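# Coordinate inspection notes
Residue strings, one per chain:
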Amino acid sequence: METYPKKRLSIIIEAPFLNRLLDLLDDLEVPGYTALPALAGRGGRGAWRRDSLSSDAGRMVQVLIVLDQEKVPPVLTAVRKVLDRQMGIVTISDVEVLRPDKF
Amino acid sequence: METYPKKRLSIIIEAPFLNRLLDLLDDLEVPGYTALPALAGRGGRGAWRRDSLSSDAGRMVQVLIVLDQEKVPPVLTAVRKVLDRQMGIVTISDVEVLRPDKF
Amino acid sequence: METYPKKRLSIIIEAPFLNRLLDLLDDLEVPGYTALPALAGRGGRGAWRRDSLSSDAGRMVQVLIVLDQEKVPPVLTAVRKVLDRQMGIVTISDVEVLRPDKF
Amino acid sequence: MDWGIAVQNLVSPPVLFFALGLAAAMAKSDLAVPEAVAKALSLYLMLAIGFKGGVAAAGHGFGFDIFLIIGAAALLSFCLPPLAFALLRLTTKLGRIDAAAIAAHYGSISIVTFIAATAALDAAGIDYPGTMVAAAAAMEVPAIACALLLARRGGSDDGESRGHAPWREVALNGSVVLLIGAFIVGLSTGETGYKDIAPFISDPFKGVLCLFLLDMGLVAGRELRQVRKTLTPALLGFGLYMPPLGGIIGGLTGAAIGLNTGGIALLCVLTASASYIAVPAAMRLALPEAKPSLYLTLSLAVTFPFNLTVGIPLYIAIANWLS
Amino acid sequence: MDWGIAVQNLVSPPVLFFALGLAAAMAKSDLAVPEAVAKALSLYLMLAIGFKGGVAAAGHGFGFDIFLIIGAAALLSFCLPPLAFALLRLTTKLGRIDAAAIAAHYGSISIVTFIAATAALDAAGIDYPGTMVAAAAAMEVPAIACALLLARRGGSDDGESRGHAPWREVALNGSVVLLIGAFIVGLSTGETGYKDIAPFISDPFKGVLCLFLLDMGLVAGRELRQVRKTLTPALLGFGLYMPPLGGIIGGLTGAAIGLNTGGIALLCVLTASASYIAVPAAMRLALPEAKPSLYLTLSLAVTFPFNLTVGIPLYIAIANWLS
Amino acid sequence: MDWGIAVQNLVSPPVLFFALGLAAAMAKSDLAVPEAVAKALSLYLMLAIGFKGGVAAAGHGFGFDIFLIIGAAALLSFCLPPLAFALLRLTTKLGRIDAAAIAAHYGSISIVTFIAATAALDAAGIDYPGTMVAAAAAMEVPAIACALLLARRGGSDDGESRGHAPWREVALNGSVVLLIGAFIVGLSTGETGYKDIAPFISDPFKGVLCLFLLDMGLVAGRELRQVRKTLTPALLGFGLYMPPLGGIIGGLTGAAIGLNTGGIALLCVLTASASYIAVPAAMRLALPEAKPSLYLTLSLAVTFPFNLTVGIPLYIAIANWLS
Ligand SMILES: Nc1ncnc2c1ncn2[C@@H]1O[C@H](COP(=O)(O)O)[C@@H](O)[C@H]1O
Ligand SMILES: Nc1ncnc2c1ncn2[C@@H]1O[C@H](COP(=O)(O)O)[C@@H](O)[C@H]1O
Ligand SMILES: Nc1ncnc2c1ncn2[C@@H]1O[C@H](COP(=O)(O)O)[C@@H](O)[C@H]1O
Ligand code: NA
Ligand code: NA
Ligand code: NA
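In this text, all values refer to a predicted model and were calculated from it rather than measured experimentally.

Let us look at helix H10 (residues 174-201) of chain F. All names here are of chain F. In this model H10 runs just 19 Å from its N-terminal to its C-terminal C-alpha over 28 residues, more than 12% under the 40 Å that 1.5 Å per residue would give. Bending of H10 peaks at approximately 110° at the position of Gly-190. A distance of 2.9 Å separates the backbone nitrogen of Ser-175 from a side-chain oxygen at the start of H10, and that oxygen is part of Asn-173.

Next comes the structure, spelled out in structure tokens:
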């Protein structure tokens, strides 16, 4: 079974920013994305648990993007320009996919 | 701390197919799996957000499977036979585990 | 775009243990974490689906921790001491981050 | 057509809350009903309407005519898809698979449209048989079966359509099971049981319907915002003329089997309405190549609002005229 | 045994909706109540039953007898686990840990069984003291404490059982806090407060119970589908004879402390029922080696349906006979 | 100050359930209302209060005075942030951005405080105009606009504050849209529509409020547990003296435009209360550098409990005195 190397971008971001991020990704040349809800978290700005918040503020969401190695830098640059220091946690890792044309 | 290399399969699939996929995985020799809900996504067939759907159709779920390198091809073959082109996004990556006998 | 290598720890754990695990992580020198809910799973102790449980018992949660390579062994040791054999599935993988000081 | 009923329908709280949801979504407001709550509201409506139908059937006697009604309804839902399919193939450029998937939706029914119609009949003081709920429950499976036959004919040559027929999933889908189950519970407990739980299933019913329709408006409005990409004029037209066409066929059938005015109106409404919950999920499983954006938009964002506002008074008028 | 009450119980809407859920799940229907909604329904039932108990206690005076009732209940829940443990060790091949975990469930109570019993008493016109709710709240902690003692004796030699005793989690678990809290609120506001919120906590109560029992039936049915793997005949038997055994002990105690018929019946029900929400979560924390599939199946899929259908009329008959 | 009203308010079920939630969360109980359910409760309250306001406005005639009320409310919410900002900069060490973010919250309003106040007025038999709901809807946008101006002045030199003004998100935020929309629906359907859905929006209203306030208590209690880290005495003081200060300004304005006692009391309550749902989300988008822990704690865990318990009777007393 032949596989092809791609990159997997994970962006953990505050819920109120999600719509903006997705709108941005829709404009960029990103082949697709998936957003997953989070239950709880801790980072530099303290801890939160979902049931202790009445507002979206402070709640997190993870956005996964599988894409070509070359597209990573332009996507990251665009994302950082809009979301800046509040953009949360970005990680990049290696994945293999089966159908390279999809990404 | 000694660790052992395994593979991590991620399958992003439409919610109405989830039960079928899990039934299939229960039949295959897969050591285990975990399914996570998704909030929103975009791919070749357009974008969706969870709050804009009244039906399960179009909604996505991520299924994670940690397993042996050798078991990846048979599992993928079986999965693709049942789910075919609609099966969504499959990625494979390397992970390390602590207890190799569990997988 | 310069990136720095880190480790990504994924702990899949039963929901009733989540609060204990997060309290422990708050005590340890962990730069942060994110917990994600799960929908369904199967492992050594059988299968579960979220809608078939009236109690938290048996339900799973995934906790992601991005951290320095050196911090992985002490964190794992501490986690295993508290959670022991019931602690579920632990995987470790490589990721790249943009801002090494955050982790 | 009785304009009083039409106006009364348009300014009733349920329709106005639907309009509010539609407007909010089109204006991109972040107003949203959580998914779990929307599901709970629909469980509630299903349980209440099924139970009340059963109690009514227990009260008015329960005999041969219920099988007649169910039989007629099942037949209608099996016969409507070929008509819809033919119209779609003639007037649009849709392929066989997409046309069959849409046809399945129009053979099936929308229970919320049915509920809104019972509310309108209540407000207009028109009586209807409680057994009509059983008809609603019988109109899902035949429509899907027929549509799959349409899709499969000639499907072998192009290698498409490898989905598996979801018979089990469809026949045992949650809505149908709850509707029939609650009907049977209502039938068994009759008036005694009804008095027990009336403050839950009857008094707040119309208010819950308002909240549910607010959500339906939000969902339909979000669909409509993306409409330009998928909705050609021919398709839009289909979503608007198919309901009254089906409605007339349903109404004639209702008159033929001797239903009263309210019964005819409700059979009109059932044939005129299109599914947007159970059938879409079944189509994903059975015809995964069909585009969900087409059938969801058409059923949810065109036909549903049409029926809720213009359709219901129209079908009541047809029923008045036929009986 | 009064067969009228038994039949009345079996054809009441709550029990029929439970049966509907059970049947739907066994037939693999996808009918499901969203998790958040099920939690909300149980919060509602807890809040309403606690509040109504408090109002009743405020009305009928409130004195020494409440402490007597609570004391007896706590004692019962501490003494039942050793009995259950001994029976399990004698009749099944379960290890110490698993037997102790199951025993904890049978010492504790099921609040929904309690609520269904109050509904059956209301329907049969039998009076009961409002303070019984306080007894229900007192029966969780002692059962868990006793079961942990049973599990730990001899636990040192096999190195097992490294879980931490979850005292804080158990004593402050949501159900108990809400039940007691709502009781106190009801006690403080009395009839005035009751009139304020009766349309919320009283009128729709039985209907909400129907919806909740539908979900319980679904959950129990899903458990039952996997039953063959875990349920030996000896275990199944335990799930069926332990409730009436406990019920008789509870009934005798109730008669001994001078409760009226309704009070005896409810104490019967409390000792006869087994926990399936709070105790399972506590056992995962305290005895993680115990297999959840065993105790969940037994309590939820065997004892709960037994009590709801056969048990409640039986316990009322026992109470009639004892008083 | 009428101590009867104060005591009546303190021992009313809504306030007691809030206290229960507060106590449970401070004791680290795991009692929790699922997020989806909390959102549904708040949708319900919004829909009901808006609709009832519209019906009342339809009944009592609807003329120039509604624009006067809305105008006064909008003006108040634009003028309060500079006062709050100045007080914060004088008495605390907060930076410009944090002070502005907090000021936005105090210019805006808490709809639940408003609802609790209407319940207290109902209980005390004091009349108020239905149009006050429209005033509540008008007090969000001006407060945010003004706070952003405060934050931006001098914002250029330190390169901060790169967030984008969230005008669209704020103006079309769900709460405001539902409140205004339900008001318009109520206005259009009047008494006829009200009778239709009263068993849903009116009868259980106060009970739903109890459940919602239980959740608010839980959320506020969890905030309070982490309070030591963020809450300096000066900030705490601000959270306690700002509400009555704002309340007096609101009350004077209400008297000046000729409102009746109930209307003055409600305008008091609106100016005295601080937002904790819409404005926090808007601040994350517009002023991401501001610390959410500061403004959420202050508004939710200090000002809200203060207003609910001590504030409401105080504002009614002020209104009595001013009219
Ligand atoms: N090291 C980490 N590993 C995983 N998630 C993290 C980490 N640090 C931060 N996060 C997530 O990102 C959110 C915001 O982090 P921060 O901006 O540092 O407060 C947190 O609430 C967590 O959900
Ligand atoms: N490149 C991608 N990265 C992450 N998720 C993706 C990607 N492409 C598609 N998806 C997910 O897979 C779903 C179906 O994709 P598709 O079949 O291409 O429409 C989308 O709704 C996304 O949730
Ligand atoms: N190989 C695996 N891949 C992914 N998730 C797993 C795997 N094995 C177990 N899990 C998850 O871990 C939970 C507990 O596993 P176990 O302790 O083996 O029963 C399961 O319910 C799954 O959610
Ligand atoms: Na139809
Ligand atoms: Na018991
Ligand atoms: Na204010």
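Let's pick the thread back up.
Here the focus is the site of ligand 1. Taken together, 18 residues lie near ligand 1, and Gly-44 and Arg-45 of chain A together with Thr-34, Val-66 and Lys-102 of chain C sit nearest. Residues within reach of ligand 1 are spread across chains A and C. Between Gly-32 of chain C and ligand 1, the recorded distance is 3.4 Å, taken from a backbone N or O atom to a nitrogen atom. Tyr-33 of chain C places a polar main-chain atom, nitrogen or oxygen, 3.4 Å from an oxygen atom of ligand 1. Relative to its unbound accessible area of 490 Å², ligand 1 is 97% covered by the protein chains. Going through the elements one at a time, strand E3 (40-43) of chain A together with strand E2 (33-37) and strand E5 (60-67) of chain C are the ones with two or more residues in the shell around ligand 1. In the shell around ligand 1, the residues fall into ten nonpolar, five polar and three charged.

Right, let's talk about the coordination of the sodium ion (ligand 6) for a bit. Residues and elements named next belong to chain F. Of the protein atoms, only Tyr-106 (O), Ser-108 (O), Leu-270 (O), Thr-271 (O) and Ser-273 (O) coordinate the sodium ion (ligand 6), at distances of 2.4 to 2.9 Å. Summarised as a motif, the one-chain spacing of the donors to the sodium ion (ligand 6) is Y-x1-S-x161-L-T-x1-S. Residue classification places Leu-270 among the buried positions, given a relative accessible area of 0%. Overall, Thr-271 belongs to the buried group, its relative accessible area being 2%.

Attention now goes to the interface of chain A and chain B. At the interface, 28 residues of chain A touch 23 residues of chain B. Buried surface at the junction of chain A and chain B, summed over both partners, amounts to about 2100 Å²; 57% is from carbon and sulfur atoms. At the boundary of chain A and chain B, one finds one salt bridge. Two residues, Asp-26 of chain A and Arg-42 of chain B, come together in a salt bridge whose shortest N-O distance is 2.7 Å. If you look at where chain A meets chain B, you find seven residue pairs in polar contact (both at pLDDT 80 or more). When contributions to the side of chain A that touches chain B are tallied by element, the ones reaching two or more residues are helix H1 (15-27), strand E2 (33-37), strand E5 (60-67) and strand E6 (89-97) of chain A. Pairing geometry for E2 of chain A and strand E3 (residues 40-43) of chain B, over three bridges, is antiparallel. When the bridges of E3 of chain B are listed, Ala-35 of chain A appears paired with Ala-40 of chain B.

Definitions and limits used
- Residues numbered from 1 in each chain as written.
- Chains lettered and ligands numbered in written order.
- Predicted model: local features only at pLDDT ≥ 70, side-chain atom pairs only at ≥ 80, totals over all residues.
- Heavy atoms only, no water.
- Helix = DSSP H or I, 4+ residues; strand = E, 2+ residues; numbered from the N terminus.
- Expected span 1.5 Å × (residues − 1).
- Bend = angle between axes of the 7 residues up to and from the residue.
- Polar contact = N/O pair within 3.5 Å; in protein donor to acceptor, adjacent residues only side chain to side chain.
- Near = heavy atom within 4 Å.
- Areas by Shrake-Rupley, 256 points an atom, 1.4 Å probe, with all protein chains shown as cover.
- Nonpolar A, V, L, I, M, F, W, Y, C, P; charged D, E, K, R; others polar.
- Donors = N, O, S within 2.8 Å, 3.2 Å for Na, K, Ca; no water.
- Buried < 20%, exposed > 50% of the residue type's maximum accessible area, 1.4 Å probe, protein only.
- Contact = heavy atoms within 4.5 Å.
- Buried area = accessible area lost by both parts, 1.4 Å probe.
- Salt bridge = Lys/Arg side-chain N within 4 Å of Asp/Glu carboxyl O.
- Pairing = 2+ DSSP bridges.

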